[in-house]
Amino acid sequence: MTITTVRGVRDILPEEMVVWHALEQSARQIFTAYGYREIRTPLFEKTELFARAVGATSDIVEKEMYTFSDRGGDSLSLRPEGTASVVRSFIENNLHRSLPWAVYYMGPMFRYERPQKGRYRQFHQMGCELFGAEGPLADAEMMAMILRLLRTLQIDDSLTLEINSLGCGTCRAPYREGLFAFLQARQEQLCDNCRQRLQRNPLRILDCKNEGCRAIARQAPAMKDALCVGCADHFSGLQALLDGMGLPYTVNPLMVRGLDYYTRTAFEVTTTALGAQNAVAAGGRYDGLVAEMGGQAVPAIGFAMGMERLALLLEGKRAGKSGQVGNYLVAVGDAATRQALLLAEEWRAAGVPLQMDWLGGSLKAQLRRADRAAASQVLILAERELAERAVLVKDMRDGGQRLLPWEEVAAVLGALR
Ligand code: HAM
């Protein structure tokens, strides 16, 4: 019996990497240009970190974490998202002294969800977190940055930016009570799952996908109508800035997000091109989290994008070949092959990108492999070339050939010329 990957987990094969490299490269460029620097946090943390930051009653913590005891008996979890770790790192490294602090990250996250297209158990996010900026300018700029990245990748058609405000400690508690009363009066019509979470997390009922629950949610009081003055100003300020930048958006009063740390602005970028798993980027403010986790009170905002979803969108657009080699060295005969190994090393040291044929055999077989590797030029070293201390350089695009002395190869083919 052969061993396969774990359900919901997949390989990213070399053919797909062109798209992933394009994603990573554009994201690095754009995040850096906006002033973010990269951070790499561990793939696993103490379970308590996620329970406290993401929320003990969130689906992620209740049902989706990969939690295990290590040999010392500590409860650890694979990270289901990146924000909790970044906040931990911010506090642990005393970074409130370096505000504003802006970081980006890329890497795998783990959630035990029901796998389907665009939803995996190991998936990748790239995200940004910005600490210290309180006003809506940071929110608007972050959304503009996400849309710029999507535009650079040419996947900005069929996208919608949705925003909402979730209020703060002052206005959310009374709203929650009102919402609870409204939903309790209609609990018979809610789905089983929502009836269960009515006590613990009534806000989550607002974005249940069940048709019956949605009909009730549409009638329910909306957070955006219950905001305190500070939150209402922040939300209208954000909309004015988005209008000023000409960024189209819709206000979605039913968007509540699945993580408990959000305050004020929440947002999602959705697409109509991916079916049910339609969020390609999502985030929001978490002005209370740093203090809740034991740090000084620092406002913060961030987002993450699902890389598999972006890759699915990009795949349709790009027909690239992966890892195209420039030069491909073919040697025929034992003496030529031994010499080829030495020459290849010499030329590479001089800056020539060069793949050597690994399998040998006839010239014809090697040329076929060079073609499959999408080499642009093939360097042929057979008995005649060996005698002449030269290589025959064949241009695979136009078929042209020329004999090049060994000592000229670096100067003519070196990428670092
Ligand atoms: P999230 O909405 O849970 O937010 O995830 C962000 C994005 O990650 C989603 O919009 C989606 O594109 C992708 N994603 C999530 N789960 C999966 C999955 N199972 N398979 C594939 N893609 C997935 C967060 O994680 C927050 N930490 C975002 C944030 C950062 N908020 C503030 N700062």
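Residues numbered from 1 in each chain as written. Predicted model: local features only at pLDDT ≥ 70, side-chain atom pairs only at ≥ 80, totals over all residues. Heavy atoms only, no water.

A. Quick look at the side chain of Ser 85. Structurally, the position occupied by Ser 85 is in helix 4 (residues 83-92). Classification of Ser 85 by relative accessible area gives buried; the value is 0%. When sequence neighbours within four positions are dropped, the list of residues in contact with Ser 85 reads Thr 41, Glu 45, Leu 49 and Phe 50. (Helix = DSSP H or I, 4+ residues; strand = E, 2+ residues; numbered from the N terminus. Buried < 20%, exposed > 50% of the residue type's maximum accessible area, 1.4 Å probe, protein only. Contact = heavy atoms within 4.5 Å.)

B. Structural context of the site of the ligand. In the vicinity of the ligand, 26 residues are found, and the nearest of them are Glu 81, Glu 113, Glu 129, Arg 257 and Tyr 262. Here an oxygen atom of the ligand and a backbone polar atom of Ala 279 are 2.8 Å apart. Those elements that place two or more of their residues in the shell around the ligand are strand 6 (122-131), strand 10 (279-285) and strand 11 (300-306). By residue number, the principal contributor to the shell around the ligand is strand 10, which donates 5 residues. (Near = heavy atom within 4 Å. Polar contact = N/O pair within 3.5 Å; in protein donor to acceptor, adjacent residues only side chain to side chain.)

C. View of the sheet that holds strand 16 (residues 401-405). Taken in spatial order, the 5 strands of this open sheet run 13-12-14-15-16, and their pairing is mixed. In this open sheet, the two strands that pair with only one neighbour each are strand 13 (354-356) and strand 16. Shown here is a sheet whose adjacent strand axes are inclined to one another by a mean of 30 degrees, direction ignored. One ladder, built from 5 bridges, connects strand 15 (residues 390-395) with strand 16; its direction is antiparallel. Bridging across to strand 16, Lys 394 finds its partner in Gln 401. (Pairing = 2+ DSSP bridges. Axes fitted to C-alpha atoms, helices over the stretch in contact; angles between N-to-C directions.)

D. Just the packing of aromatic side chains, in detail. Summed over all chains, the structure comprises 10 aromatic pairs. Each ring, one from Tyr 66 and one from Tyr 112, has its centre 5.9 Å from the other, and the planes form 75 degrees; the classification is edge-to-face. With a gap of 46 residues between them, Tyr 66 in the loop between helix 3 (59-64) and strand 3 (67-69) and Tyr 112 in the loop between strand 5 (101-110) and strand 6 connect regions that are remote in the sequence. Note on Tyr 112: relative accessible area 44%, which makes it partly exposed. Plain terms: the ring middles of Trp 101 and Phe 131 are 5.5 Å apart, the flat faces sit at 55 degrees to each other, and that makes the pair tilted. With Trp 101 in strand 5 and Phe 131 in strand 6, this residue pair connects regions lying 30 residues apart in the sequence. With a relative accessible area of 7%, Trp 101 lands in the buried category. Accessibility expressed as a relative area gives 0% for Phe 131, which makes it buried. Directly above the aromatic system of Tyr 112 lies the positively charged group of Arg 121, at a separation of 3.8 Å from the ring centroid. Across the ring face of Phe 182, the terminal group of Arg 186 is positioned such that the distance to the ring centre comes to 3.7 Å. (Phe/Tyr/Trp six-rings, centres within 6.5 Å; stacked < 30°, edge-to-face > 60°. Lys NZ or Arg CZ within 6 Å of the ring centre and 35° of its normal.)

E. Representation of unusual backbone geometry in the model. With omega at -10 degrees, the peptide bond leading from Leu 99 into Pro 100 counts as cis. Mapped onto the secondary structure, Pro 100 falls in the loop between helix 4 and strand 5. Phi at Ser 158 is positive, roughly 60 degrees, even though this residue is not glycine. Along the chain, Ser 158 falls in the loop between helix 5 (136-152) and strand 7 (159-165). Positive phi, close to 60 degrees, is recorded for Ala 374, a residue that is not glycine. Along the chain, Ala 374 falls in the loop between helix 13 (363-372) and strand 14 (377-381).

F. Local environment of the pairing of strand 12 (residues 327-331). Of all 5 residues making up strand 12, 5 are buried, and the element is well covered by its neighbours. Both strand 12 and strand 13 contribute to a ladder of 3 bridges, which runs parallel. In the sheet register, Tyr 328 faces strand 13, and the bridge partner there is Gln 355. Each parallel crossover has a hand, and the one from strand 12 via helix 12 (residues 334-349) to strand 13 is right-handed. (Right-handed = clockwise from strand over helix to strand, strands pointing away.)

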